[in-house]
Amino acid sequence: MSQTAPVPRFRRLRWLLLAAALAALPGLAKKSPPALAPMQQAQQLVVVTTAGWDDNQGRLQTYVREGKDWKPAALAFAVAIGKHGSAWGEGLFPAQQAGPHKREGDGRSPAGIYRIGEAFGYAASVDTRLKYQQMQAGSWCVDVPDSPFYNQIVDEKQVGPRAVEGASEHMRLDLHNNGDVRYRQGLVIEHNPKAIPGRGSCIFAHLWRSPGEATAGCTAMAPASMEALLAWLDRSRQPLFVLLPRAEYIRLQHAWSLPLLTAGSQR
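This is a predicted model, so every value here is computed, not measured.

Colleague: How do you make sense of the layout of surface pockets when you look at a structure like this?
Modeller: Leftover empty space is mapped by rolling, across the atoms, a probe with the size of a water molecule. Estimated volume of the largest pocket: approximately 430 Å³. Residue lining of the largest pocket: 22 residues in total, with S168, E169, Y183, A216 and G217 positioned closest to the centre. Residues that form the lining of the largest pocket fall into these classes: seven nonpolar, eight polar and seven charged.

Colleague: Quick question: what am I supposed to make of the environment of G107 here?
Modeller: Looking at the element boundaries, G107 is found in the loop between strand 5 (86-88) and strand 6 (109-121). For G107, a relative accessible area of 4% gives the class buried. For the pair formed by G107 and G200, sequence separation is 93 residues and the distance between their alpha carbons is 9.8 Å.

Colleague: I keep staring at unusual backbone geometry and nothing clicks. Help me out?
Modeller: Note on backbone geometry: most residues besides glycine have negative phi, and most peptide bonds are trans. Within the chain, N178 stands out as a residue other than glycine whose phi angle is a positive 55 degrees. Here N178 shows up in the loop between helix 4 (173-176) and strand 11 (185-189). Note on N178: relative accessible area 79%, which makes it exposed. Phi at A195 takes a positive value of approximately 55 degrees, unusual for a residue other than glycine. Within the secondary structure layout, A195 lies in the loop between strand 11 and strand 12 (204-207).

Colleague: How should I be thinking about empty space enclosed by the protein in this particular structure?
Modeller: The final tally for this structure, using the stated rule, is two cavities of 30 Å³ or more. If you add up the space inside the largest cavity, you get close to 40 Å³. Lining the largest cavity, in full, are W88, G89, G91, F93, P94, A95, A111, G112, I113, Y114 and W256. With four residues, the single largest contributor to the lining of the largest cavity is strand 6. Residues of the lining of the largest cavity, tallied by class, amount to eight nonpolar, three polar and no charged. Here the second largest cavity defines a volume of roughly 30 Å³. Taken together, R182, H206, L207, W208, R209, E213, A214, T215 and A220 form the lining of the second largest cavity.

Colleague: I keep staring at helix 5 (residues 223-232) and nothing clicks. Help me out?
Modeller: Owing to its 3.6 residues per turn, the α-helix brings residues three or four apart onto one side. For helix 5, the complete set of buried residues consists of S225, M226, L229, L230 and W232. The buried side chains of helix 5 occupy one side of the element, clustering within an arc of 160 degrees when seen end-on.

Colleague: I'm lost on the sheet that holds strand 10 (residues 169-170) in this one. Help?
Modeller: The strands making up a sheet are joined through hydrogen bonds of the backbone, oriented either antiparallel or parallel. Strand order in this open sheet of three strands is 9-8-10, and the pairing throughout is antiparallel. Two strands bound the open sheet, and with one partner strand each, they are strand 9 (153-155) and strand 10.

Colleague: For this particular structure, what's the right way to read the packing of aromatic side chains?
Modeller: Two measures describe an aromatic ring pair: the distance that separates the ring centres and the angle between the ring planes. By the definition in use, this model includes six aromatic pairs. On the basis of an interplanar angle of 65 degrees and a centroid distance of 5.2 Å, the ring pair of W53 and W88 is categorised as edge-to-face. Of this pair, W53 sits in the loop between strand 1 (44-50) and strand 2 (57-66) while W88 sits in strand 5, and the two are 35 residues apart along the sequence. A centroid spacing of 4.5 Å and a plane angle of 20 degrees characterise the contact between F93 and W256, whose relative ring orientation is stacked. One end of the pair, F93, is in the loop between strand 5 and strand 6; the other, W256, is in the segment after helix 6 (246-252), and 163 residues separate them in sequence. F93 sits in the buried class, given a relative accessible area of 10%.

Colleague: Quick question: what am I supposed to make of the pattern of salt bridges here?
Modeller: Scanning all chains against the criterion turns up nine salt bridges. Linking R172 and D174 is a salt bridge whose minimum nitrogen-to-oxygen distance equals 2.7 Å. Here the residues in one salt-bridge network are D180, R182, R209 and E213, joined through shared partners.

Colleague: Please clarify how the state of the cysteines should be interpreted in this entry.
Modeller: Chemically, a disulfide is nothing more than a covalent bond linking the sulfur atoms of two cysteines. Across all of its chains, the model carries one disulfide by this definition. The cysteine C218 is free of any disulfide, with C202 supplying the nearest cysteine sulfur at 8.0 Å. By relative accessible area, C218 is classed as buried at 6%.

Colleague: Even after reading the chapter, I still don't get the environment of A222, so can you show me in this structure?
Modeller: With respect to the element layout, A222 can be found in the loop between strand 13 (219-221) and helix 5. For A222, a relative accessible area of 22% puts it in the partly exposed group. If we ignore the near neighbours within four places in the chain, the residues touching A222 are L207 and W208.

Colleague: Help me understand the pairing of strand 14 (residues 240-245), please; the structure alone is not making it clear to me.
Modeller: Within a regular strand, side chains alternate between the sheet's two faces. The buried fraction of strand 14 amounts to six of the six residues, a majority that puts the element mostly inside the structure. Burial along strand 14 is two-sided: the face carrying L240, V242 and L244 and the face carrying F241, L243 and P245 are both buried. Both strand 1 and strand 14 contribute to a ladder of six bridges, which runs parallel. Each bridged residue has a counterpart across the sheet, and for V47 the counterpart in strand 14 is V242. With four bridges connecting them, strand 6 and strand 14 associate as antiparallel partners. Its bridge partner lying in strand 14, Y114 is registered against F241.

Thresholds, definitions, all that
Residues numbered from 1 in each chain as written. Predicted model: local features only at pLDDT ≥ 70, side-chain atom pairs only at ≥ 80, totals over all residues. Heavy atoms only, no water. 1 Å grid on protein atoms, 1.4 Å probe; cavity = no way out; pocket = protein on both sides within 12 Å on 5 of 7 lines; lining within 4 Å. Points joined across faces, edges and corners; volume = space filled by probe spheres on them. Nonpolar A, V, L, I, M, F, W, Y, C, P; charged D, E, K, R; others polar. Helix = DSSP H or I, 4+ residues; strand = E, 2+ residues; numbered from the N terminus. Buried < 20%, exposed > 50% of the residue type's maximum accessible area, 1.4 Å probe, protein only. Arc of directions from axis to C-beta. Pairing = 2+ DSSP bridges. Phe/Tyr/Trp six-rings, centres within 6.5 Å; stacked < 30°, edge-to-face > 60°. Salt bridge = Lys/Arg side-chain N within 4 Å of Asp/Glu carboxyl O. Disulfide = S-S within 2.5 Å. Contact = heavy atoms within 4.5 Å.

Printed below as a string of structure tokens:
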């Protein structure tokens, strides 16, 4: 009767290491995808929801993180978005297949999750803990897809008049459109940060001229609402901006770690 030869020590060690590696695989599989990292780091969230893709009226609800949970930070309020509704934009998560996709000049606000950039306005300063930039007479946001400054706010004095040729987004609307107040206070929604030509540019949250007036692709609100929002936002808390039709929000809520919608945000 033959006897089984003893397994050499180095072979036993090799099998133990392999077993340990295999045991670790389920844990590795549970790690969050890289796109979730900004959501996990964010302490403030601005959420806009609409009834559907083609609706240009919505509700804005702010949330603050308490431990692992999101809690409403204030009462929800009315906003207006793009005149043709919303469409998947270039944000922190890849655009979904179903639904319209954002294009330059389509009159839709970009749907998805985005970083909140700097605040801007006509005054020398505003009450906010975001970085703030006062707009000048020569300030433009370049919406020309083949421009090297596409999707950037620039000063004509610094870049030259040819660099802003063809741009339509003058940031001092009050000086160029009979006292227009829309950009008196606002903030940048960092849509299409890689400036992919034709995917949409110059997306802001800003004031509306009259209640409910739809936009070319931004999110508009009442002056008092904007003032409160700017005073609440703090760049050290890594705030994010979310815009989705309600059905898409509910569908993606768990996958994107979104908070439960409040009753006020669904009117």
